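# Architecture at a glance
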Amino acid sequence: MQPYSLVNKNATPEAKKLFQYLCECYQSRLMLSGQQEYPKRTTTEWEMNYVLEKTGKYPAIRGLDFMHADFRGVINRAIDWHMRGGIVTICWHTGVNGGAYPDSQADNPDFDKILTMGTPENELMLRNWDLGAEALKILQSEHVPVIWRPFHEFDGQWFWWGKGGAEPFIRLWRMMYDRYTNYHGLNNLIWTLGYSGEVKPGWYVGDEYCDIVGSDTYDGTTNKFGWDRLVKVCDKPLCYHEIGNLPHFDDFRRDGCNWLWFMNWHTRYIADNNSEILREIYNNPSVITLDKLPKQLYN
C-alpha cells in the first residue's frame with residue numbers, strides 16, 4: 001500500500017492522526033459521508049438535521065465556508081462538530097479582496113499584479129487571506145484539524161482564481177500554501193485540491209503542495225470521468241468534494257470510483273436527493289457516518 005504522508009512536515013499531531021485515518025479508509029475502500037451547510041437559513045443545522053431525518057445518521061464530515069466573512073460562526077461550528085467527534089472541512093467563496101459568492105465569480109484580477117509581492121493589489125489580496133488565516137489559527141489553538149479546500153473548481157474558470165489560466169493558478173495556490181504554512185505557521189491543515197468535473201490537464205499544483213485531490217460534478221453520477229482523469233494526475237487520496245444527487249452506492253463500486261468521501265451540497269441539492277438512495281448510502285457498511293468515527297480519533 002502507498003505510504004501517504006502530509007506535505008507539511010510540521011503538521012500538528014491532530015492533523016497527522018486525522019490524515020492517517022483518512023488514508024486507512026481510502027486504502028480499505030471505505031467512503032466517508034459529508035454534508036455542506038448553508039448558514040443563511042433560519043438554522044445552521046438544517047442540512048445536518050435533514051440528513052438525520054432521512055437516514056437516521058449524521059454525516060462524518062461537516063462542510064463549512066468562510067463566505068460572508070463568517071469567521072466567528074465557522075469557528076464556533078467547527079469546534080462544536082470536532083467536539084462531537086466529527087471531521088471538519090472548510091472552503092471559501094470570496095472575492096480577491098473579500099466579499100462573498102457574487103464576488104468570487106465576478107472579480108477578474110490582473111494576475112501579474114496580484115502575484116507580484118509588494119504591489120497594492122497583492123497586499124490587498126494577502127490582507128484578505130490573513131483574515132482566514134487568523135480564524136484557522138484559532139482552530140489550531142483548539143486542536144481542530146481542518147481539511148482545507150481553497151480555490152475549488154479552479155479549472156472550471158468561473159471563479160476569479162481560475163480566470164488567469166493554469167500557470168497563474170498554480171502560482172496562486174503555492175503562494176497561499178507558503179503564506180499559510182511558513183508565514184502564519186498553520187500546521188493543522190490538510191490541503192485539498194478540488195478540480196471541477198472537467199479535470200483539465202496542466203493545472204496540478206505539484207505533489208509537495210497538496211495532500212488530497214478531488215473532483216466534483218452535479219450530474220448525479222459516480223463522476224467516473226473525473227476519477228479516471230485524476231488517477232493519471234497524481235498518486236494521492238481522491239475525494240468527491242461536491243455532489244448534488246447521489247447515485248446508488250453499488251454504482252461507485254461498479255465504476256471503480258473508490259472516493260475517500262462524498263460531500264453533498266447544501267439546501268436544494270441535498271433536498272433533491274432520492275430519500276431511499278440517501279438512506280441506503282448512509283446505512284451502507286462501507287460508508288462512514290459520524291457514529292462510526294473512532295472515539296479516539298484525535299487523542
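Now for a look at the structure at hand. All values derive from a computational prediction rather than experimental measurement.

This model, assessed by the stated rule, comprises 31 aromatic pairs. With centroids separated by 6.0 Å and ring planes inclined at 35°, the aromatic side chains of F154 and W203 adopt a geometry described as tilted. With a gap of 49 residues between them, F154 in the loop between β4 (146-148) and α7 (166-183) and W203 in the loop between β5 (189-194) and β6 (212-217) connect regions that are remote in the sequence. Over the face of the ring belonging to Y183 we find R179, whose NZ or CZ atom lies 4.0 Å from the ring centre. Over the ring of Y269 we find R268; its NZ or CZ atom is 4.2 Å from the centre of that ring.

Moving on, we get to the pattern of salt bridges. Counted according to the given criterion, the structure contains 15 salt bridges. In this structure, E37 engages R77 in a salt bridge whose closest nitrogen and oxygen atoms are separated by 2.8 Å. Of the two residues, E37 sits in the loop between β1 (31-36) and α2 (46-55) while R77 sits in helix α3 (residues 71-83), which places them 40 residues apart along the sequence. By the burial criterion, E37 is buried, and R77 matches it. Overlapping salt bridges, with partners in common, bring together E37, E45, R62, D70 and R77 in one network.

What follows is about the pairing of strand β2 (residues 61-65). Counting buried positions over the five residues of β2 gives five, a clear majority of the element. Covered by surrounding structure in β2 are I61, G63 and D65 together with R62 and L64, the residues of both alternating faces. Note: β2 against strand β3 (residues 87-91), five bridges, orientation parallel. When the bridges of β3 are listed, L64 appears paired with I90. Crossover handedness for the path β2 to α3 to β3: right-handed.

Here we take up the side chain of T192. Considering the arrangement of structural elements, one finds T192 in strand β5. Not counting chain neighbours up to four residues away, the residues in contact with T192 comprise I147, W148, R149, P150, W173, I212, C239 and W261.

The next thing to look at is the nonpolar core. Grouped together as the largest cluster of nonpolar side chains are 99 residues, with contacts concentrated most on L32, I87, I90, L136, W148, Y180 and L193. Considering each element in turn, this core owes the most residues, nine residues, to α7. Not counting residues up to four positions away in its chain, the partners in contact with W148 are F66, I90, W92, L136, M176, Y180, L189, I190, W191 and T192.

All right, on to unusual backbone geometry then. You will see that H68, though not glycine, has its phi angle at about 65°, which is positive. Counting through the fold element by element, H68 comes out in the loop between β2 and α3. Positive phi, normally seen in glycine, also occurs at T267, with a value near 45°. Positionally, T267 belongs in the loop between β8 (261-264) and α10 (268-271). Relative accessible area serves as the criterion here: at 14%, T267 is assigned to the buried category.

It is the contact of α2 with helix α11 (residues 275-282), at a shortest axis distance of 9 Å, that shows an interaxial angle of 90°. As far as their axial angle goes, α11 and α2 are roughly perpendicular. Of the residues in α11, those in contact with Y50, V51, K54 and T55 of α2 are S275, L278, R279 and Y282. Of the residues belonging to the contact of α2 with α11, the class tally is four nonpolar, two polar and two charged.

Orientation of helix α6 (residues 120-141) relative to α7, taken along the N-to-C sense of each, is 50°, at an axis distance of 11 Å. Relative to α7, α6 is oriented oblique. For the element pair α6 and α7, the recorded crossing hand is right-handed. For the pair formed by α6 and α7, the contact residues are N122, M125, L126, W129, D130, G132, A133 and L136 on the first element and L172, M175, M176, R179 and Y180 on the second.

Reading guide: rules and limits
Residues numbered from 1 in each chain as written. Predicted model: local features only at pLDDT ≥ 70, side-chain atom pairs only at ≥ 80, totals over all residues. Heavy atoms only, no water. Phe/Tyr/Trp six-rings, centres within 6.5 Å; stacked < 30°, edge-to-face > 60°. Helix = DSSP H or I, 4+ residues; strand = E, 2+ residues; numbered from the N terminus. Lys NZ or Arg CZ within 6 Å of the ring centre and 35° of its normal. Salt bridge = Lys/Arg side-chain N within 4 Å of Asp/Glu carboxyl O. Buried < 20%, exposed > 50% of the residue type's maximum accessible area, 1.4 Å probe, protein only. Pairing = 2+ DSSP bridges. Right-handed = clockwise from strand over helix to strand, strands pointing away. Contact = heavy atoms within 4.5 Å. Core = buried A, V, L, I, M, F, W, Y, C linked by side-chain atoms within 4.5 Å. Axes fitted to C-alpha atoms, helices over the stretch in contact; angles between N-to-C directions. Parallel < 35°, antiparallel > 145°, perpendicular 65-115°, else oblique. Nonpolar A, V, L, I, M, F, W, Y, C, P; charged D, E, K, R; others polar. Left-handed = near helix turned anticlockwise from the far one by under 90°.

By themselves, these figures tell us nothing about what the structure is for.
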